[in-house]
Amino acid sequence: MRIRSVAPPAPPADLLGAATTIGRRLVREAVWYRGRCNWIGVEPAADGGGGPAHRALGPALGDGTAGIALFLAELHATTGAEAFGQTARGAIGQALAHADDVPAAAQRGLYAGAPGIAYAAARCGQLLGDEHLAKRAARLIRRMPAEGTSSDVVSGAAGAIAGLLALARLLDDERLVARAARLGDALVAAARRGRAGWSWAPTGGPRSEHGLCGIAHGAGGGALALLELLSATGDARHNTAIERAFAYERHWFDPEEANWPDLRGIERREPRGAFRPPYATDWRHGAPGVALTRLRGWQITGDERLRCAALTALTTTAASVEQALLAPRADFTLAHGLAGNADVLLHGAELLPESAALARRVAEIGVGRYAATLDGWPCGSGRRPALLTGEAGIGLFLLRLHDPTVPSVLLVA
């Protein structure tokens with residue numbers, strides 16, 4: 001693949017400096033009360049009209065204080081600045097204190113529920129040298145409900161599996177692997193089994209709609225969770241489910257688009273070919289997330305079909321990044337934008353070596369455009385401090401480029 005040249009700023013950007021600037025802004029804007037801290041996020045009005053809504057963040061990893069704590073703890077470990085460590089402690093304390101506020105339907109999710117909060121607490125404890133945080137993470141994950149209605153990575157069983165396996169390593173607790181295996185059995189039992197393959201009912205949508213493709217809410221996320229179980233246990237009993245979930249996404253792949261469709265809102269009675277679906281290119285839906293599932297599948301199984309699909313998805317992701325760099329104030333967040341897609345390209349450098357250079361170019365251009373502006377980095381509509389949807393995640397991406405040992409939050413397990 002040939003990636004077009006996009007000239008970076010000169011001199012080369014200080015990526016650690018830009019991440020530190022984001023961290024300092026988060027420290028300044030934290031609102032403290034009795035040793036814990038939170039932030040105010042700005043969101044568009046719920047009904048699409050009127051002015052923006054200002055509200056305190058919840059506790060979750062994806063869009064709450066747990067995710068900000070994780071970024072600040074990583075930044076503290078890299079820079080040694082005590083302000084980052086202190087604010088990380090306040091933020092994870094806030095998340096742990098309000099973990100039960102998460103709606104019951106999302107309690108098992110990695111990015112919306114208890115596993116993500118517990119993962120952030122355990123990782124913060126490791127980075128900050130605080131064993132008490134690891135104990136609180138263990139207590140929280142013990143309270144996670146065994147049953148739920150959602151199967152996806154963000155708010156359901158697939159995310160719980162990934163979180164439990166990550167926590168098993170951080171807390172050195174093999175019992176969490178056994179819990180993940182039981183959830184794997186439940187995830188397989190909940191699968192929709194059709195001629196095109198296996199999928200899961202879309203979270204929050206009518207059961208009459210198609211199961212989705214992709215990592216965050218789709219069949220690929222379920223396959224990824226089962227792949228991580230295979231890697232952790234060596235037990236191949238879910239291999240059929242993994243293969244059939246990938247078959248479902250192959251059924252929907254469009255060679256002309258070199259992408260996988262966004263099937264949200266489309267009824268199951270509408271077969272392929274009866275409608276023209278939209279095609280997304282962000283971590284949640286479409287090629288970037290598919291690239292991560294196929295890369296991980298190839299690494300675990302050595303399946304050549306997964307390697308080829310990963311290469312296709314990476315190529316589509318790179319092309320979308322090139323296009324987005326031409327747009328003024330394109331979204332830069334992990335979940336919806338350029339930082340997330342560039343993070344995917346970093347993961348794919350083994351297959352597409354030039355993708356690492358493009359990922360760095362994304363960061364260089366972003367730093368040149370936004371690091372010193374009063375408005376900050378573009379996060380869709382509204383000012384967002386959070387991990388998946390705001391500046392904390394952009395800061396973590398910059399930090400990962402500075403230090404590749406910093407783990408990604410887009411592929412936790």
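About the cut-offs
Residues numbered from 1 in each chain as written. Predicted model: local features only at pLDDT ≥ 70, side-chain atom pairs only at ≥ 80, totals over all residues. Heavy atoms only, no water. Helix = DSSP H or I, 4+ residues; strand = E, 2+ residues; numbered from the N terminus. Rg over C-alpha atoms; globule rule 2.2 N^0.38 Å. Buried < 20%, exposed > 50% of the residue type's maximum accessible area, 1.4 Å probe, protein only. Contact = heavy atoms within 4.5 Å. Areas by Shrake-Rupley, 256 points an atom, 1.4 Å probe, with all protein chains shown as cover. Lys, Arg positive; Asp, Glu negative; His and termini not counted. Charge placed at Lys NZ, Arg CZ, Asp CG, Glu CD. Salt bridge = Lys/Arg side-chain N within 4 Å of Asp/Glu carboxyl O. pLDDT = per-residue confidence, 0-100. Axes fitted to C-alpha atoms, helices over the stretch in contact; angles between N-to-C directions. Parallel < 35°, antiparallel > 145°, perpendicular 65-115°, else oblique. Left-handed = near helix turned anticlockwise from the far one by under 90°. Nonpolar A, V, L, I, M, F, W, Y, C, P; charged D, E, K, R; others polar. Phe/Tyr/Trp six-rings, centres within 6.5 Å; stacked < 30°, edge-to-face > 60°. Expected span 1.5 Å × (residues − 1). Disulfide = S-S within 2.5 Å.

A. Structural context of the overall build of the chain. The number of helices and strands found in the chain is 14 helices and six strands. In terms of C-alpha radius of gyration, the chain reaches 20 Å, essentially the compact-globule figure of 22 Å for 413 residues. Summarising its shape, the C-alpha atoms of the chain cover approximately 55 × 50 × 45 Å along the three principal directions. Here the chain holds 413 residues, and the buried ones make up 58% of them. Taking contacts inside the chain between residues at least 6 apart in sequence as the whole, the part at least 24 apart equals 66%. Taken as a whole, the chain presents about 16600 Å² of accessible surface, with 52% of it coming from carbon and sulfur. Taken as two groups, the 44 positive and 40 negative side-chain charges of the chain have centres that lie 2 Å from each other.

B. Representation of the pattern of salt bridges. Within this structure, the stated rule accounts for 21 salt bridges. Between D173 and R175 there is a salt bridge whose closest N-O contact spans 3.0 Å. On the basis of relative accessibility, which here comes to 63%, the residue R175 falls in the exposed class. Taken together, the shared-partner salt bridges connect E243, R250, D303 and R305 into one network.

C. Representation of the confidence of the model for the chain within the structure. Looking at the chain, pLDDT values average 93 and 95% of them are 70 or higher. For residues 4-10, every residue scores under 50 in pLDDT, and the model assigns this stretch 15 contacts once sequence neighbours within four places are set aside.

D. Representation of unusual backbone geometry within the structure. At D172, a residue that is not glycine, the phi angle is positive and equals roughly 55 degrees. Tracing the backbone shows D172 in the loop between helix 6 (157-171) and helix 7 (175-189). Of note in this structure, A258 is not a glycine but carries a positive phi near 50 degrees.

E. Highlighting the side chain of Q107. You can see Q107 is positioned in the loop between helix 3 (82-97) and helix 4 (114-128). Ignoring anything within four residues of it in the chain, the contact list for Q107 reads A99, D100, V102, G113, A114, P115, M144 and P145.

F. How the structure looks around the packing of helix 3 against helix 4. Two numbers describe how helix 3 lies on helix 4: the axes approach to 10 Å, and their chain directions differ by 155 degrees. With respect to helix 4, the axis of helix 3 lies roughly antiparallel. The way helix 3 lies across helix 4 gives a crossing that is left-handed. Two secondary-structure elements touch here, helix 3 through G85, A88, R89, I92, A95 and L96 and helix 4 through I117, A120, A121 and L128.

G. Focus on the packing of helix 2 (residues 65-79) against helix 3. Across the interface, helix 2 lies against helix 3 with an axial gap of 8 Å and an inter-helix angle of 155 degrees. Compared by their axis directions, helix 2 and helix 3 come out roughly antiparallel. Crossing hand, helix 2 versus helix 3: left-handed. For the pair helix 2 and helix 3, the contacting residues are T65, A66, A69, L72, A73, L75, H76 and T79 in the first and E82, F84, G85, T87, A88, A91, I92, Q94 and A95 in the second. Among the residues forming the contact of helix 2 with helix 3, the class breakdown is ten nonpolar, six polar and one charged.

H. Representation of the side chain of T87. With respect to the helices and strands, T87 occurs in helix 3. The contact partners of T87, leaving out residues within four places of it in the chain, are V27, A30, W32, C37, W39 and L72.

I. Representation of the environment of L263 within the structure. Checked against the element boundaries, L263 lands in the loop between helix 9 (239-252) and helix 10 (287-301). Setting aside its immediate chain neighbours within four residues, L263 contacts H210, G211, L212, C213, Y248, W252 and F275.

J. Structural context of the packing of aromatic side chains. In the structure shown here, the tally under the stated rule is seven aromatic pairs. Relative to F275, the ring of W252 has its centre 6.0 Å away and its plane inclined at 40 degrees; by these criteria the two rings are tilted. Of this pair, W252 sits in helix 9 while F275 sits in the loop between helix 9 and helix 10; the two residues are 23 residues apart in sequence, bridging distant segments of the chain. Judged on exposure class, the residue W252 and its partner F275 are both buried. Aromatic pair F332 and Y370: ring centres 5.8 Å apart, planes at 75 degrees, arrangement edge-to-face. In this pair, F332 sits in the loop between helix 11 (304-324) and helix 12 (338-347) while Y370 sits in helix 13 (residues 354-370), placing the two residues 38 residues apart along the sequence. Since its relative accessible area comes to 4%, Y370 is described here as buried. Put simply, the rings of Y248, W252 and F275 touch in pairs and so form one group of aromatic residues.

K. Highlighting helix 8 (residues 219-233). Compared with an ideal rise of 1.5 Å per residue, which puts 15 residues at 21 Å, helix 8 spans 21 Å between its outermost C-alpha atoms and is within 8% of the ideal. Helix 8 sits mainly inside the fold: twelve of its 15 residues count as buried. For helix 8, the set of buried residues is A219, G220, G221, G222, A223, L224, A225, L226, L227, E228, L229 and L230. Where helix 8 is buried, its residues contact helix 6, helix 7, strand 6 (197-199), helix 9 and helix 10.

L. View of the state of the cysteines. All told, the structure shown has zero disulfides when counted by the stated rule. In this structure C37 is a free cysteine whose sulfur lies 11 Å from that of C124, the closest cysteine sulfur available. Residue class for C37 comes out buried when judged on its relative accessible area of 1%. The thiol of C308 is unpaired, and the distance to the nearest cysteine sulfur, on C213, comes to 19 Å. On the basis of relative accessible area, C308 is assigned to the partly exposed category, the value being 38%.

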